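What follows is the residue order along each chain.
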Amino acid sequence: MTVALFTLGGTIAMAGAGAGGVVARLTGTDLAAAVPGLADVPLDVRDVEAVPSAALAYRQILDLVDAAAGAVAGGATGVVVTQGTDTLEETAWLADLVWPHAAPLVFTGAMRNPTLAGPDGPANLLAAVRVAAAPAARDLGVLVAFADEVHAARFVRKTHSTSTGTFVSPNAGPLGHVVEERVRVLTRPPRHAPLPAVDRERLAATRVALHTVTLDDDVALLDAVAAGRDGLVVAGFGVGHVPPVFAPALGALAGRMPVVLTSRTGAGSVLRDTYGAVGSERDLRRRGLVDGGLLDPYKAKVLLRLLLAAGADRPAVAEVFARHG
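Residues numbered from 1 in each chain as written. Predicted model: local features only at pLDDT ≥ 70, side-chain atom pairs only at ≥ 80, totals over all residues. Heavy atoms only, no water.

Enquirer: Explain the overall build of the chain here, please?
Expert: Scanning the chain from terminus to terminus reveals 10 helices and 16 strands. Over its C-alpha atoms the chain spans a radius of gyration of 20 Å, differing by no more than 12% from the 20 Å that the globule rule assigns to 325 residues. When the backbone C-alpha atoms are referred to their principal axes, the chain occupies close to 60 × 45 × 35 Å. Out of the 325 residues in the chain, the part that is buried amounts to 50%. Within the chain, contacts between residues at least 6 apart in sequence are counted, and of these 72% link residues at least 24 apart. Distance between charge centroids for the chain: 4 Å, based on 29 positive and 31 negative side chains. (Helix = DSSP H or I, 4+ residues; strand = E, 2+ residues; numbered from the N terminus. Rg over C-alpha atoms; globule rule 2.2 N^0.38 Å. Buried < 20%, exposed > 50% of the residue type's maximum accessible area, 1.4 Å probe, protein only. Contact = heavy atoms within 4.5 Å. Lys, Arg positive; Asp, Glu negative; His and termini not counted. Charge placed at Lys NZ, Arg CZ, Asp CG, Glu CD.)

Enquirer: Looking at this model, I keep getting lost on the sheet that holds strand E4 (residues 43–47). Mind explaining?
Expert: Neighbouring strands of a sheet are bound in pairs by backbone hydrogen bonds; such pairs are parallel or else antiparallel. Reading across from one edge, E4-E1-E5-E6-E7-E8-E11-E12 is the order of the 8 strands in this open sheet, with mixed pairing throughout. The sheet is open, and its two borders are formed by E4 and strand E12 (182–185), each paired with just one other strand. Across the sheet, the mean angle separating the axes of adjacent strands is 25 degrees when strand polarity is ignored. Two elements, strand E1 (residues 3–7) and E4, share 5 bridges in a ladder whose sense is parallel. From the neighbouring strand, Val 3 faces E4, where its bridge partner is Leu 43. Helix H4 (residues 121–133) rests against E1, E4, strand E5 (78–82), strand E6 (105–108), strand E7 (142–146), strand E8 (149–152), strand E11 (176–179) and E12 of the sheet, and its axis sits at about 155 degrees to E5. (Pairing = 2+ DSSP bridges. Axes fitted to C-alpha atoms, helices over the stretch in contact; angles between N-to-C directions.)

Enquirer: Please explain the packing of helix H3 (residues 88–98) against helix H9 (residues 297–309) as it appears in this structure.
Expert: Packed helix pairs are characterised by how far apart their axes lie and by the angle those axes make with each other. Their axes nearest at 10 Å, the elements H3 and H9 cross at an angle of 40 degrees. Considered as vectors, H3 and H9 are oriented oblique to each other. In this structure, the crossing between H3 and H9 has a hand that is right-handed. When H3 is examined against H9, the residues Glu 89, Glu 90, Trp 93, Leu 94, Leu 97 and Val 98 are found in contact with a partner set consisting of Tyr 298, Lys 299, Val 302, Leu 303 and Leu 306. Partitioning the contact of H3 with H9 into residue classes produces 8 nonpolar, no polar and 3 charged. (Parallel < 35°, antiparallel > 145°, perpendicular 65-115°, else oblique. Left-handed = near helix turned anticlockwise from the far one by under 90°. Nonpolar A, V, L, I, M, F, W, Y, C, P; charged D, E, K, R; others polar.)

Enquirer: Honestly, the pairing of E8 in this entry has me stumped. Any pointers?
Expert: Two faces make up the sheet, and in a regular strand the side chains alternate between them. The sheet contact formed by E7 and E8 spans 4 bridges and is antiparallel. Within E8, the residue paired with Val 144 across the bridge is His 151. Pairing geometry for E8 and E11, over 2 bridges, is antiparallel. What sits directly across from Val 150, in E11, is Gly 176.

Enquirer: Would you mind going over the environment of Lys 299 with me for this structure?
Expert: Within the secondary structure layout, Lys 299 lies in helix H9. Judged by relative accessible area, Lys 299 falls into the buried class, the value being 1%. It is 6.9 Å that separates the C-alpha atoms of Lys 299 and Trp 93, two residues lying 206 residues apart in sequence. Sequence-distant contacts of Lys 299, defined by excluding residues within four places in its chain, comprise Glu 89, Trp 93, Ala 153, Arg 154, Phe 155, Val 156 and Arg 157.

Enquirer: Quick question: what am I supposed to make of the pattern of salt bridges here?
Expert: Opposite charge on two side chains lets them pair, provided their charged atoms get close. Applying the stated rule across the entire model yields 14 salt bridges. For Asp 44, the salt bridge identified is with Arg 46, shortest N-O distance 2.8 Å. Via salt bridges that share partners, Glu 89, Arg 157, Asp 296 and Lys 299 belong to a single interconnected network. (Salt bridge = Lys/Arg side-chain N within 4 Å of Asp/Glu carboxyl O.)

Enquirer: Can you walk me through the nonpolar core in this structure?
Expert: Soluble globular proteins tend to pack their nonpolar side chains together in the buried interior. Core analysis: the largest hydrophobic core is formed by 55 residues, its most contacted members being Leu 105, Phe 107, Leu 303 and Phe 321. Residue assignment for this core shows that the elements contributing at least two residues are E1, helix H2 (58–73), E5, H3, E6, E7, H9 and helix H10 (314–324). In terms of residue count, H2 provides more of this core than any other element does, 9 residues in total. Counting residues in hydrophobic clusters, the runner-up holds 30 residues, among them Val 80, Leu 126, Ala 137 and Leu 143. (Core = buried A, V, L, I, M, F, W, Y, C linked by side-chain atoms within 4.5 Å.)

See below:
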């Protein structure tokens, strides 16, 4: 039983506090050596690139998924990825959309760097390795292990800027927990088939915008944010509403590109047929917007970009969002 460990930097790998702040210096071997309890799990450590997660791009994550798949093909029971938490909810979701294996692919990180009292990185890494090695975690897709909780990538959100309990799944709760070195999976949501492979060059050239609607918003911003883009995600109020003046503008954009309607609230689904006023979810669907369902704006943007890079038209986009949302 071997677990492959891929490291991407982030707070979990930072050390050397000084006048210039903390910097990423710890390798995967350094990380593993600092964790009591890891000695009984053989690790295949692969340091990928020590960068802040804000610097990551889709290509890097897809390349990492390919490398993780290679590790599984080579006999690894599961794979752990350590990275910064800033974009972890998006990178884990991106990986989940294309991960084809039964073996667990588990993302983790830290909120407190090793120079602080009570760093959470060692415990999170230990939990992630336990999950990656656990038979109970197979066939669950990509997971996030944090604070001894196991979350599905499709549901997890970062909800606090500093708390060690930042990762939660508002719509579903954790799939399980790590208790006394035992991985306890309490629920198993249906797993969707992975999306087809996408050409990396085409993906790099595909541009998707995100606009979050605010009180007394300026409708002229829509044309500016959508200019030169291939698709648009709108984070509307509540259950999927926008100011009335936005409705015809969004309808016009939906005639030119896929426009996905989501909620800015962070939990719950946009509705479909409850409200009928101009700018309501029913009105926007009639104008051609795609229902984002339970997907938050950030996950919707990841999914839409992958679909458009693969050449999906609006009906195909709507079909996939109906399945994943």
